[in-house]
Amino acid sequence: MAIPGLNWMNFLGTLEATSRLQELGGGDRLENVACNLCGSAKHTPVYAMPDRLYFREEFFTVVECDQCGLAFVNPRPTLAEMQKYYPPEYYLSPPTASHSRYLRRRFTEEAKYLKELENGSGRKKLLDVGCANGDFPRFMAARGWDVEGVEISESSQRITDFRVHTQEFQDIPVNEPTYDAVTAWAVLEHVHDPMAYFRKASTVVKKGGFFVFLTPNYHSLASRHLFCEDIPRHLYFYTRETVRQYLEKTGFALEKEVNGRKIYKLAPMNWLTYMMKARLMGKEYTYKDVPLSSKEFRRLNNLPGGIVTSLKYAAYSPASVVDRMLWPAIETAQILRKSYGVSTYAVRRL
Ligand SMILES: [Zn+2]
């Protein structure tokens, strides 16, 4: 008996995929996805690691697309399931004087990418995607910009001094070239559909205007080898090459790429244990080889902060202490070779 509209081969394929997911403990919480950049379904696993922040028993796999090289978490939590990985405390930042000094320094660095646009006449218009509590747009408003933001988390509800869109960027009700600049600081690694973000930016940025975004650099030890990515909140991992392909498909030209630690940092934590095991001994370096961070060590052993705990940690992992002492030298070398963990791209709408 034929059931109209039901293709049995597809149906069986779906069943098979579903049971595979359930073996993984996914059920309908996880989904398998094709490559967001080129559409290929062929990819190769690179590493597995847990959610180090909130659910340490949940492991995720990062794969690399065989065709274009884009790296992404697969299978990944569905969009509905993601909420669980962003508890309220994720959005908290310390209301201290040193934190506001840090923000001021960060915004000053970020504003440098928009300086060229400030030269012409008339007020310029900025859209900041992922604007959190709105501090960066406010900083730019003080420099004379008309500002808007996009923010889907609850922190957007407190913003009343400028317009904030509370849906995902691709869904905002703006569909023509409107902004001189769109910024997205540490956003594109979090989203479920980066291509939709690039396309939307291409739609709403004026010709000659800028899309500026910062994201972890997958061509770095920290992102690719040292398990420093914030998974599964980070779902996509870009290199200069995969960014170039996104730009080509969506009508942007690369203006500037800056690899460095001035805006956000991603320290090469545990580069020394990695070098010893992977490079010196030629063995695979997996998540179980990663020493606990000092914070994890303290929490697991229920220790107070202070010098005694620091000494205990040094005894637990002497390599971590040497590792840390050498960060400045390693980071400087990485920045010179453009292989530090964070990159900022300024791209121009063609
Ligand atoms: Zn691909």
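Residues numbered from 1 in each chain as written. Predicted model: local features only at pLDDT ≥ 70, side-chain atom pairs only at ≥ 80, totals over all residues. Heavy atoms only, no water.

**A word on the overall build of the protein chain**
For the protein chain, the count of helices and strands is 13 helices and 13 strands. In summary, the protein chain has a C-alpha radius of gyration of 22 Å against a globular reference of 20 Å for 350 residues, a match within 12%. Its C-alpha atoms give the protein chain principal-axis dimensions of roughly 70 × 60 × 40 Å. Across the 350 residues in the protein chain, those meeting the buried criterion constitute 48%. The long-range fraction of contacts in the protein chain, counting pairs at least 24 apart against all pairs at least 6 apart in sequence, stands at 71%. For the protein chain, the accessible surface area stands at approximately 18300 Å², while carbon and sulfur atoms represent 56% of it. Placing the 46 positive and 39 negative side-chain charges of the protein chain at their respective mean positions leaves the two points 6 Å apart. (Helix = DSSP H or I, 4+ residues; strand = E, 2+ residues; numbered from the N terminus. Rg over C-alpha atoms; globule rule 2.2 N^0.38 Å. Buried < 20%, exposed > 50% of the residue type's maximum accessible area, 1.4 Å probe, protein only. Contact = heavy atoms within 4.5 Å. Areas by Shrake-Rupley, 256 points an atom, 1.4 Å probe, with all protein chains shown as cover. Lys, Arg positive; Asp, Glu negative; His and termini not counted. Charge placed at Lys NZ, Arg CZ, Asp CG, Glu CD.)

**A closer look at the pattern of salt bridges**
Inspection of the entire model under this criterion finds 24 salt bridges. Across the pair Arg-244 and Glu-241 runs a salt bridge whose closest N-O atoms are separated by 2.8 Å. Here the residue Arg-244 and the residue Glu-241 both occupy positions in helix 8 (residues 240–250), the gap between them amounting to three residues, near one helical turn. Judged by relative accessible area, Arg-244 falls into the partly exposed class, the value being 39%. Put simply, Glu-331 and Arg-261 hold a salt bridge, and the shortest N to O gap is 2.9 Å. Here Glu-331, found in helix 13 (residues 327–336), pairs with Arg-261, found in the loop between strand 12 (252–259) and helix 9 (271–280); they are 70 residues apart in sequence, far enough to count as distant. Taken together, the shared-partner salt bridges in this structure form one network comprising Arg-29, Glu-58, Glu-81 and Lys-84. (Salt bridge = Lys/Arg side-chain N within 4 Å of Asp/Glu carboxyl O.)

**Side note on the packing of helix 6 (residues 194–204) against helix 8**
Axis separation between helix 6 and helix 8 bottoms out at 9 Å; the angle between their running directions is 45°. By the angle class used here, helix 6 and helix 8 are oblique. The handedness of the crossing between helix 6 and helix 8 is right-handed. Contact residues: Pro-194, Met-195, Phe-198, Arg-199 and Ser-202 in helix 6; Tyr-246, Leu-247, Lys-249 and Thr-250 in helix 8. Of the residues contributing to the contact of helix 6 with helix 8, the split by class is five nonpolar, two polar and two charged. (Axes fitted to C-alpha atoms, helices over the stretch in contact; angles between N-to-C directions. Parallel < 35°, antiparallel > 145°, perpendicular 65-115°, else oblique. Left-handed = near helix turned anticlockwise from the far one by under 90°. Nonpolar A, V, L, I, M, F, W, Y, C, P; charged D, E, K, R; others polar.)

**Considerations on helix 3 (residues 97–112)**
Between its first and last C-alpha, helix 3 extends 23 Å over 16 residues, near the 22 Å set by a 1.5 Å rise per residue. For helix 3, the set of buried residues is His-99, Leu-103, Arg-106, Phe-107, Glu-109, Glu-110 and Ala-111. Buried residues along helix 3 sit in contact with helix 4 (115–118), helix 5 (135–142) and strand 9 (179–185). (Expected span 1.5 Å × (residues − 1).)

Taken by themselves, the reported measurements are silent on function.
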